[in-house]
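If you want the building blocks of each chain, they are given just below.
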Amino acid sequence: MNGQTPPTHTVTDGSSKKRTLGFGLVCFGLCFFFNPYFAVIDIFPDFIGALLISLALIPFARFSGAMREAQIAFLRFAAIDVVKGLLLIFTFGGSAMGEQEVLILIIAFLGATLGTLFAVLAFQKLFDAMDTLAIRHDCDALYGVHYARRSRTEHMARFAVIFLICKEALLLLPEFAALLNSTYVDSPFVRLYDFIGVMRLLVIIPALIGGIVYLIVLLRYFLYVKRQTDFRRALGARYAAFVASHPGVHVKARVATALALIGAGACFAVDFYIDLQDIFPDVLGGILILAGILLMKLPLKRMLPSLISVGLYTVCAAISTSKTFLFVSAHKGADINRSEEVAREYFAMWLTSFFEFLVFLALLFCLLFLLRALLIKWGYYQPSNADAAFEERHYLRVRNEFDWQFIKCGILGAVSALCSFLYDYFQTWPNKKAFRLMEALWIPDFVLGLVFAVYLGYTLTLIYGKIKERFEFE
């Protein structure tokens, strides 16, 4: 080897010590499951915890099939929890009062049953995977018998499963009062649903106490795992070996996260109104897209137009949303012709909404050009000694394969944004016929926004597939 020492694959943290893999983010994600929820109010949503756990398990999933199964299980639970939350929000805001209590019971029961089932499976897979890793790396402190013929990991898994089942069953009990709610029977038990708020508060107390105990047990377990330094170093060595033998691992992970954030941000462009209020805030979509752009780590000159436009869009969306909310809450459309002050507020609201529409168009087209730059950099194999002719062919190949895809995304996004702006305008238009126009525009606004989000997500999937294919080729 010409007298040179062959390279090693040991990952260091700037010192001579080997890098360790920790479970801090996993523990933080599991903490989200401790709190009870009140009706649809969940201060620490379970799906956010599940997504954090899935993110934390990425390094482990690269070399452990059991951890990969646990990661997928938590993603499935997150999807179930999101659907449950959206259905409850829609029920509270969009259903008739006479049907609301029964719908809440049905959704809560199905959501609790499916959610608990998927959560229990995910927790069991996670702790089984930790047990498997402990056995494989001879960490007797985690897999050895602790007491009652079970290891610490088995005790933790058993306690977490029991807590999840008891918490969901306890919080579901008050909703069964809807079955006794009847106007045809005169009995004090029939009107039990009138006290549903009090009953929900009462069951929160034992659920919260159980959650605090769960937190204490969880933190004790993961602090004990943290003290197993040799075990975590062994995991770090396995991850380092995987990275060394798989080129582009970090690039693919970063790009996949960036594209996922952009796709999630596009979903917030879908307008879903309850009582004239959009429950998918555009501001959050702008923040997610901003995070996705920053994760691309392209040259600043390439990213600057997109960063400026997404920053402006986020600010405009915040101002427009607040002005629309304040106007709709305080005034009616007929008030615009009766007061100059109300007319000025209406004009300011309309102007901010129109400016948001224009900035969104600028952001959309800057983002599409940025995605093309991402494809040019990472989507195709480029030899180190490529000449100008190769670079030109490379650029033309990207354009021929993806430009029409980007054009269709741009058209769908522009039409969707136009329908959204028109709906925002007509929902406060000072004319009785405006409500008929609202009914006519709400459907294309929602459908086109959904079609745009789905099609952009499909395009992002194609982009990631091309980048993944390039590294597999290498």
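Residues numbered from 1 in each chain as written. Predicted model: local features only at pLDDT ≥ 70, side-chain atom pairs only at ≥ 80, totals over all residues. Heavy atoms only, no water.

What to know about the overall build of the protein chain
Regarding its fold elements, the protein chain presents 15 helices and four strands. Expressed as a percentage of its 474 residues, the buried residues of the protein chain come to 44%. Once local pairs closer than 6 in sequence are excluded, the contacts in the protein chain between residues at least 24 apart make up 73%. With the model as given, the accessible surface of the protein chain reaches about 25,200 Å², and the carbon-plus-sulfur share is 67%. (Helix = DSSP H or I, 4+ residues; strand = E, 2+ residues; numbered from the N terminus. Buried < 20%, exposed > 50% of the residue type's maximum accessible area, 1.4 Å probe, protein only. Contact = heavy atoms within 4.5 Å. Areas by Shrake-Rupley, 256 points an atom, 1.4 Å probe, with all protein chains shown as cover.)

Some details on the packing of helix 1 (residues 24–31) against helix 2 (residues 46–56)
Contact pair helix 1 / helix 2: the axes reach a minimum separation of 7 Å and the direction vectors enclose 165°. The angle between helix 1 and helix 2 falls in the class roughly antiparallel. Relative to helix 2, helix 1 is oriented so that their crossing is left-handed. The residues of helix 2 that touch helix 1, namely those facing Leu25, Val26, Phe28, Gly29 and Leu30, are Gly49, Leu52, Ile53, Leu55 and Ala56. Looking at side-chain class alone, the contact of helix 1 with helix 2 contains eight nonpolar, two polar and no charged residues. (Axes fitted to C-alpha atoms, helices over the stretch in contact; angles between N-to-C directions. Parallel < 35°, antiparallel > 145°, perpendicular 65-115°, else oblique. Left-handed = near helix turned anticlockwise from the far one by under 90°. Nonpolar A, V, L, I, M, F, W, Y, C, P; charged D, E, K, R; others polar.)

Details of the pattern of salt bridges
On inspection of all chains with the given rule, the structure shows three salt bridges. With a closest N to O distance of 3.1 Å, Arg372 and Asp403 form a salt bridge. Residue Arg372 is located in helix 13 (residues 340–378), and its partner Asp403 is located in helix 14 (residues 388–426); the two are separated by 31 residues in the primary sequence. We note a salt bridge from Glu401 to Lys466, for which the minimum N-O separation is 2.9 Å. Of this pair, Glu401 sits in helix 14 while Lys466 sits in helix 15 (residues 434–473); the two residues are 65 residues apart in sequence, bridging distant segments of the chain. Among the residues examined, Lys466 registers a relative accessible area of 14% and is labelled buried. (Salt bridge = Lys/Arg side-chain N within 4 Å of Asp/Glu carboxyl O.)

Notes on the environment of Thr459
With respect to the helices and strands, Thr459 occurs in helix 15. Taking the C-alpha atoms as reference points, Thr459 and Cys409, 50 residues apart in sequence, are found 8.1 Å from one another. Sequence-distant contacts of Thr459, defined by excluding residues within four places in its chain, comprise Gln405, Phe406 and Cys409.

A closer look at the packing of aromatic side chains
Aromatic ring pairs are described here by two measures, namely the spacing of the ring centres and the angle between the planes. Taken as a whole and assessed by the stated rule, the structure comprises 15 aromatic pairs. Ring centres of Phe74 and Phe123 lie 5.8 Å apart, and the angle between their planes is 50°; this geometry places the pair in the tilted category. Highlighted residues: Phe74 in helix 4 (residues 65–94) and Phe123 in helix 5 (residues 97–136), separated in sequence by 49 residues. Arranged with centres 5.2 Å apart and planes meeting at 85°, the rings of Tyr221 and Phe222 form a pair that is edge-to-face. On the basis of relative accessibility, which here comes to 6%, the residue Tyr221 falls in the buried class. Between Arg152 and the ring centre of Tyr224, over which it is positioned, the NZ or CZ distance is 3.9 Å. (Phe/Tyr/Trp six-rings, centres within 6.5 Å; stacked < 30°, edge-to-face > 60°. Lys NZ or Arg CZ within 6 Å of the ring centre and 35° of its normal.)

Focus on the environment of Leu117
Inspection of the secondary structure puts Leu117 in helix 5. Each C-alpha atom, one on Leu117 and one on Leu164, is 9.6 Å from the other, the two residues being 47 residues apart in sequence.

Some remarks on the nonpolar core
Of all hydrophobic cores here, the largest spans 46 residues; its most connected members are Phe23, Leu30 and Tyr214. Breaking this core down by element, the ones donating at least two residues are helix 1, helix 2, helix 4, helix 5, helix 7 (152–172), helix 8 (196–226) and helix 9 (229–245). A per-element tally of this core places helix 5 first, with nine residues. Beyond its immediate sequence surroundings of up to four residues, Leu30 is in contact with Ile53, Phe74, Phe123, Leu126, Phe127, Tyr214, Leu218 and Phe222. Membership of the second largest hydrophobic core comes to 42 residues, among which are Val251, Leu361, Leu371 and Val398. (Core = buried A, V, L, I, M, F, W, Y, C linked by side-chain atoms within 4.5 Å.)

What about helix 11 (residues 282–296)?
Since one α-helical turn is 3.6 residues long, residues separated by three or four positions face the same way. Under the 1.5 Å per step criterion, the end-to-end length of helix 11 is 22 Å for 15 residues, consistent within 8% with the ideal 21 Å. Within helix 11, the full set of buried residues consists of Asp282, Gly285, Gly286, Leu288, Ile289, Gly292, Ile293 and Met296. Burial along helix 11 is one-sided: seen end-on, the buried residues are contained in an arc of 165°. Just past helix 11, the residue Lys297 takes up positive phi, approximately 55°. (Expected span 1.5 Å × (residues − 1). Arc of directions from axis to C-beta.)

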